[in-house]
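# Structural description and commentary
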Amino acid sequence: GYWVGEVGFEKAMGAQGYRYRMRPTSKEMKEGKEIDGLVFQFGPLKLRLGEAFGGTGNNEALRVLKKKLVAEGMYDKAKISENEYWKKRFGHNRWEPSYIDQSNGLPTNGL
């Protein structure tokens with residue numbers, strides 16, 4: 001359900017440039033950023049059908065954050081030192097960097 005706390009969370013994420021729900025923020029809609037294929041117009045009627053079938057939480061701010069996290073790699077010093085020990089003793093790492101989804105969320109042809 002959509003409860004009162006979610007409104008604040010949506011505003012907080014919007015202030016950071018991230019999407020809370022899988023649709024463009026009001027700021028992105030006003031600027032026309034990444035809304036291709038989301039709004040369909042039939043005569044005077046405008047429908048946001050693309051959000052129902054092709055919505056994504058990815059936007060430019062999230063893609064920048066993902067690239068930053070991938071570039072950082074593993075930063076925990078304890079895990080790095082344990083990896084060095086495991087590499088010498090067993091020939092492979094104990095810890096691997098976390099998987100970061102690199103999907104771009106940009107629209108493709110069709111719904």
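### So, the confidence of the model for the protein
Averaged over all residues, the pLDDT of the protein is 83; the fraction at 70 or higher stands at 90%. Confidence scores differ between elements of the protein, with helix H3 (residues 49-54) showing the lowest mean pLDDT of 76 and helix H5 (residues 77-90) the highest of 94.

### Points about the pattern of salt bridges
Under the defined criterion, the tally for this structure stands at six salt bridges. A salt bridge links Arg21 to Glu10; the nearest nitrogen and oxygen atoms lie 2.8 Å apart. Separated by 11 residues along the polypeptide, Arg21 in the loop between helix H1 (4-16) and helix H2 (26-31) and Glu10 in helix H1 bring together distant segments of the chain. Residue classification places Arg21 among the partly exposed residues on the basis of a relative accessible area of 30%.

### Thoughts on a nonpolar patch on the surface
On the surface, a cluster of nonpolar side chains totalling about 420 Å² of accessible area is made up of Phe42, Leu45, Leu49 and Phe53. Along the chain, Phe53 falls in helix H3. Its relative accessible area of 56% is what places Phe53 among the exposed residues.

Definitions and cut-offs
Sequence order as written defines the numbering, with residues in each chain counted from 1. pLDDT decides what is reported in this predicted model: residues at 70 or higher carry local features, side-chain atom pairs at 80 or more are listed and counted, and totals for whole chains, interfaces and linings draw on all residues regardless. Remark: hydrogens and water are excluded; side-chain values derive from all non-hydrogen atoms of the structure. Each residue carries a pLDDT value, the predictor's own confidence for that position, ranging from 0 to 100. Helix and strand definitions follow DSSP, with helices as H or I runs of at least four residues and strands as E runs of at least two, each counted in order from the N terminus. Salt bridge, as used here: a side-chain nitrogen of Lys or Arg that lies within 4 Å of a carboxyl oxygen of Asp or Glu. For the exposure calls, accessible area comes from a 1.4 Å probe over protein chains only, and a residue counts as buried if that area is under 20% of its type's maximum, exposed if over 50%, partly exposed in between. Patch definition: residues with relative accessible area over 30% and no salt bridge; like charges joined within 9 Å; nonpolar side chains (Val, Leu, Ile, Met, Phe, Trp, Tyr) joined within 5 Å. Throughout, the Shrake-Rupley method with a 1.4 Å probe supplies accessible areas, and for residues the shown protein chains are the sole cover considered.

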